[in-house]
Amino acid sequence: MINSHSTHSKQTTKKISTKTPLAIACAILPLLAAPSWAASESAAVEEVIVTAAKREQRLQDYAGALSVVNNFQGVKNIGDIAAQVPGLNIVDAGPRNPTGLIIRGLRMDEIDSGDLSGDGSLVASYVDNIPLQGYFVPPSFSLKDLQQIEVVRGPQGTLYGNASVGGLIRYVTAKPDLEKYSVRASGELSQTKHSDDLSYDTDLVVNTPLIDNTLGLRLLLGKTDNAGFIDNPYLLSGAQEDINDDQTKQARVSLLWQASDNFSLNSSYHYQKINVGDRQAANESFTGDDYTASSRYLQPMEGELQLASIDATYDMGFATLTASVNRYDYAHNERADQTDLYIGLDAAYYDNAYFTPFEDLSAYNASTVDVVKDSAELRLVSDSEQPLRWLIGGFYSRDDLDVYMSDFVPGFNDYLDAGLASDAEYIATQQEVLDEYSAYGELAYDLTSKWEISGGARFFRYDDKLNVTKAYPFEDFASVERGDDVIDGTLGKLGSRYKFNEDLSIYFSAAEGFRRGGANLTPPGVTTNTFYDPDKATSYELGLRSEWFNQQLQFNAAVFSTEWEDIQVSTTAEDDGRSITANAGEARSQGVELEVFAQLPGGFSLRSNYTIIDAELTETVEAIDAFDGDRLPGSPRTQFSVALDYLQAMGSVEWDGSLSFQRMGEVYTALNESYFNYQQLDSYNTANAQVGVTLRNWRLGAFVNNIANTRGITGGRADDFYGDQGQFEYVTRPRTVGLSVSYEY
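Residues numbered from 1 in each chain as written. Predicted model: local features only at pLDDT ≥ 70, side-chain atom pairs only at ≥ 80, totals over all residues. Heavy atoms only, no water.

1. Looking at the overall build of the chain
Helix and strand counts for the chain come out as seven helices and 40 strands. Taken against the 2.2 N^0.38 rule, which gives 27 Å for 745 residues, the C-alpha radius of gyration of the chain at 26 Å falls within 12% of a compact globule. Over its C-alpha atoms, taken along the principal directions, the chain stretches across nearly 80 × 55 × 55 Å. Expressed as a percentage of its 745 residues, the buried residues of the chain come to 53%. Put simply, of all contacts in the chain between residues at least 6 apart along the chain, 69% involve residues at least 24 apart. (Helix = DSSP H or I, 4+ residues; strand = E, 2+ residues; numbered from the N terminus. Rg over C-alpha atoms; globule rule 2.2 N^0.38 Å. Buried < 20%, exposed > 50% of the residue type's maximum accessible area, 1.4 Å probe, protein only. Contact = heavy atoms within 4.5 Å.)

2. Observations concerning the pairing of strand E20 (residues 424-446)
As paired elements, strand E19 (residues 388-408) and E20 share 21 bridges and run antiparallel to each other. When the sheet's bridge partners are listed, Tyr404 is paired in E20 with Thr429. By the bridge criterion, 20 bridges tie E20 to strand E21 (residues 451-472) in an arrangement that is antiparallel. Within the sheet, the bridge partner assigned to Ala444 lies in E21 and is Ser454. Between E20 and E21, which pair antiparallel one after the other, the connecting turn spans four residues. (Pairing = 2+ DSSP bridges.)

3. Quick word on the sheet that holds strand E7 (residues 130-131)
Strand order in the open sheet formed by five strands is E3-E8-E9-E6-E7, and the pairing between neighbours is mixed. Sheet topology places strand E3 (65-69) and E7 at the edges, where each strand pairs with a single neighbour. Here E3 pairs with strand E8 (residues 146-153) via five bridges, running antiparallel. Looking across to E8, one finds that Ser67 is bridged to Val151.

4. A word on the environment of Tyr126
Inspection of the secondary structure puts Tyr126 in strand E6 (residues 123-127). Taking the C-alpha atoms as reference points, Tyr126 and Tyr171, 45 residues apart in sequence, are found 6.1 Å from one another. When sequence neighbours within four positions are dropped, the list of residues in contact with Tyr126 reads Pro131, Gln133, Tyr160, Leu168, Ile169, Arg170 and Tyr171.

5. Focus on the nonpolar core
Judged by nonpolar contacts, the single largest core of 48 residues is most densely connected at Ile81, Ile149, Ile169, Tyr171, Leu307 and Tyr342. Once residues lying within four places of it in the same chain are set aside, the contact partners of Ile149 are Ser67, Val68, Val69, Phe72, Ile81, Leu143, Ile169, Arg170 and Tyr171. Counting residues in hydrophobic clusters, the runner-up holds 23 residues, among them Trp564, Leu617, Leu671 and Tyr675. (Core = buried A, V, L, I, M, F, W, Y, C linked by side-chain atoms within 4.5 Å.)

6. Points about the confidence of the model for the chain
Mean pLDDT over the chain stands at 89; residues scoring 70 or higher make up 91%. Ranking the elements of the chain by mean pLDDT puts helix H1 (residues 21-33) last with 38 and strand E12 (residues 215-226) first with 98. Contacts from residues 4-42, a stretch scored under 50 in pLDDT, to residues over four places away or in other chains number 84 contacts. (pLDDT = per-residue confidence, 0-100.)

7. Considering the pattern of salt bridges
Once the charged atoms of two side chains with opposite charge are near each other, the side chains can pair. Following the criterion strictly, the structure yields 38 salt bridges and no others. Between Arg588 and Glu563 there is a salt bridge, and its shortest N-O distance comes to 2.7 Å. Of this pair, Arg588 sits in strand E30 (residues 587-599) while Glu563 sits in strand E27 (residues 553-565), and the two are 25 residues apart along the sequence. A single network of salt bridges, built from pairs that share partners, joins Glu47, Arg58, Asp61, Arg497, Lys499 and Glu502. (Salt bridge = Lys/Arg side-chain N within 4 Å of Asp/Glu carboxyl O.)

8. Topic: the packing of aromatic side chains
Here the structure, examined in full by the defined rule, presents 27 aromatic pairs. For the pair Phe604 and Tyr646, a centre-to-centre distance of 4.8 Å together with 50° between the ring planes defines the contact as tilted. With Phe604 in strand E31 (residues 604-617) and Tyr646 in strand E32 (residues 638-650), the pair connects residues that are 42 residues apart, well separated along the chain. In this structure Phe604 comes out as partly exposed when scored by relative accessible area, which is 33%. Relative to Tyr678, the ring of Tyr668 lies with its centre 5.9 Å away and its plane at 70°, an arrangement referred to as edge-to-face. Of this pair, Tyr668 sits in strand E34 (residues 667-668) while Tyr678 is found in the loop between E34 and strand E35 (680-681), placing the two residues ten residues apart along the sequence. Like Tyr668, the residue Tyr678 is buried in the burial classification. An aromatic cluster of at least three residues, connected via ring pairs, comprises Tyr342, Tyr354, Phe355, Phe358, Phe412, Tyr415 and Phe474. The ring of Phe560 carries the charged tip of Arg104 above its face, separated from the ring centre by 4.1 Å. (Phe/Tyr/Trp six-rings, centres within 6.5 Å; stacked < 30°, edge-to-face > 60°. Lys NZ or Arg CZ within 6 Å of the ring centre and 35° of its normal.)

9. Here's the deal with the pairing of strand E4 (residues 88-91)
The alternating pattern of E4 places Leu88 and Ile90 and Asn89 and Val91 on opposite faces, both of which are buried. Relative to strand E5 (residues 100-103), E4 runs antiparallel, the two being bridged by four bridges. Within the sheet, the bridge partner assigned to Ile90 lies in E5 and is Leu101.

10. Describing the packing of helix H5 (residues 339-349) against helix H7 (residues 719-726)
Two numbers describe how H5 lies on H7: the axes approach to 8 Å, and their chain directions differ by 135°. One element, H5, and the other, H7, form an angle in the oblique class. Crossing hand, H5 versus H7: right-handed. Contacts from Asp340, Leu341, Gly344, Leu345, Ala348 and Tyr349 of H5 reach H7 at Phe721, Tyr722, Gln725 and Gly726. Here the residues of the contact of H5 with H7 are counted per class, giving six nonpolar, three polar and one charged. (Axes fitted to C-alpha atoms, helices over the stretch in contact; angles between N-to-C directions. Parallel < 35°, antiparallel > 145°, perpendicular 65-115°, else oblique. Left-handed = near helix turned anticlockwise from the far one by under 90°. Nonpolar A, V, L, I, M, F, W, Y, C, P; charged D, E, K, R; others polar.)

11. Considerations on the environment of Val403
By secondary structure assignment, the location of Val403 is in strand E19. A residue is classified by how much of its surface remains accessible, and Val403, at 3% relative accessible area, is buried. Sequence separation between Val403 and Val369 is 34 residues; the distance between their C-alpha atoms is 4.6 Å.

12. Focus: the side chain of Arg58
Tracing the backbone shows Arg58 in strand E2 (residues 57-58). Overall, Arg58 belongs to the buried group, its relative accessible area being 15%. A distance of 2.9 Å separates the side chain of Arg58 from the backbone oxygen of Glu502, its partner in a polar contact. In this structure, Arg58 is in contact with Glu47, Val48, Ile49, Val50 and Glu502, ignoring residues within four places of it in sequence. (Polar contact = N/O pair within 3.5 Å; in protein donor to acceptor, adjacent residues only side chain to side chain.)

13. Structural notes on unusual backbone geometry
With phi around 60°, Asn213 is a residue other than glycine that occupies positive phi space. With relative accessibility at 47%, the residue Asn213 sits in the partly exposed group. Despite not being glycine, Asn709 shows a phi value in the positive range, around 55°. Relative to the helices and strands, Asn709 is located in the loop between strand E37 (698-705) and strand E38 (713-717). Looking at Asn709, the relative accessible area reads 19%, which means it is buried.

14. Here's the deal with the sheet that holds E38
The three strands are arranged E15-E39-E38 in an open sheet whose pairing can be described as antiparallel. Strands at the two margins of the open sheet, each flanked by one partner only, are strand E15 (281-282) and E38. As judged from the four bridges shared by E38 and strand E39 (residues 728-731), these two strands associate in the antiparallel manner. Looking at E39, one finds that Arg717 is bridged to Phe728.

15. Quick notes on the environment of Ser67
Relative to the assigned elements, Ser67 resides in strand E3. Here Ser67 falls in the buried class, since its relative accessible area comes to 4%. Discounting chain neighbours no more than four positions away, the residues touching Ser67 are Val85, Pro86, Ile149, Glu150, Val151, Arg153 and Glu595. A distance of 2.8 Å separates a polar atom in the side chain of Ser67 from a polar atom in the side chain of Arg153.

16. Regarding H5
Listed as buried for H5 are Thr339, Asp340, Leu341, Tyr342, Gly344, Leu345 and Asp346. Packed against the buried residues of H5 are strand E17 (319-337), E19, E20 and H7.

Laid out in structure tokens, this is it:
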């Protein structure tokens, strides 16, 4: 990934004290033996069907740590999903920047500004069969009109390949209903504290059979306007309020053709456009105000995401054949204030100040990213009811990437009397083509009616071609660098599951996941550090899935240990000082994940999850000043959430409500305290509440998010290099109060 300038840091050792996660698991096991309530007449926990294993099966039959979210009342973004899933954490930089996904603490990169986040994800993301883990992560996928979200924790390399080191998030969209016509329209109005404007959210979903039981169409239209709450009196263009507003428009159309009992064809097209005014970030230490920024330029972002897919399925009796052809197309434009970077460059690298003598010094970066990912998959999956179950598949994808970025220093051209065509101080372009070829298979066999064993493997090959140009017009310097690399390898998975009965089972798995390697930028004639290898994780997991008291109580637990090897890190080549990606060091993540769902008397239900993770380096790598015992950045050691839901019919009126609480533990933004962006982000709590009443086709609701108006800090940029005015911190959205109305026919 290209960047405008590199920075360097010194690091020192920092040890993290730990406790054994296994002890936590042992402490809660006695709770299973002595529940404190008897079975009531409440409805049982709803049975959920999942497809993360590329076949349909009951959630309770899945031999791994998998969580499903299928109630989207009050859910607006991936952060609301993370609050309901143990082991899942996000790096929340607001809607302007990509949301970093972390599962089980596996992350090496610093938590920083998050601009132009590249292809470094350790969590695979899919919309149905469309992979999203292309270069430069898109804005968060719209969560409207989804059937469910499946979050699989632990490596998923055999079935999903690249980027599935930590796990998988799969968005399952709602499909057309071939039997009935339906319409759902909803609207929402809200007010956020510290904002002068109102926020709006509207959507319309229409489902219609075109030919009964044969052809159906489903349409989603949506628009969201979120008012900003950050003010900035330091802009060169003049003070502005509520600069971080954002608007998202989305449309999705799906067509399902059930040609016969055995053959179906489903196609869909999703369009999503987002415009953001500025960062959801403030600089309290410089401005003296919790929600005031200090940049000289507005920093808008525009992103356009298009997804298209065709899935054909043919039931052959003994097995089902599925073919998928997909396209992912993302275009991104943004501007960022660079003024303090150039001030910092003078202080750090220039003996004689170069930029700061220019009294009107200011700078900004303008960047454009275009990436297209085409993929195709063919798989054959056996019938799920036979003792020997298997699947085989092949996958191909091509990523085409084009990046342009330029730093502008307005007025500097005239100041130097350089006679150039523009004030561009730095110009860079990047073109990259990445081809992947993979073949995979899995096999499961019932040794007895209760004991299952399974295994799987994947072979992969990557071909990476990279070209980058860089130019510094004021210094009359330009360079062209190229990279070309071919990487192949294999992954494996072994597992076993013992089913005591339909409601109680335990499982064990050993699984591998990887993140693809690639080519480094290499000047002509240089033969060292031309590429970097994939990094790989091997995880061992012991889990429990259980339902009790006529399925009114569901309790799942997992204990895991993951070894992460050949970690990809950003460093500097010793021979020529260029920025490269290299493989260095090892880390371990181990922990316990618990989740509970219970139906209670009187229409109440309880859902809760708890996570404790120790994720740290296990090897010292002095070349990058990383040390054994350094805690991995980005995730809290402990995370907890609990929600009490209510649903009860009273005559012709149905009442619903929810009260939820989340505890986010302390997060480190870098490996140790000598990294220039190292910070310790304090733990914080948030609570949300909502209530609704449904009468026939209408529902009227009210909600309060962030009840206590907590100002949580989720990341940002420290002052060590960018100075007092250039630093900032990403903050959670303040208390938001709103009303909603919906109609469904």
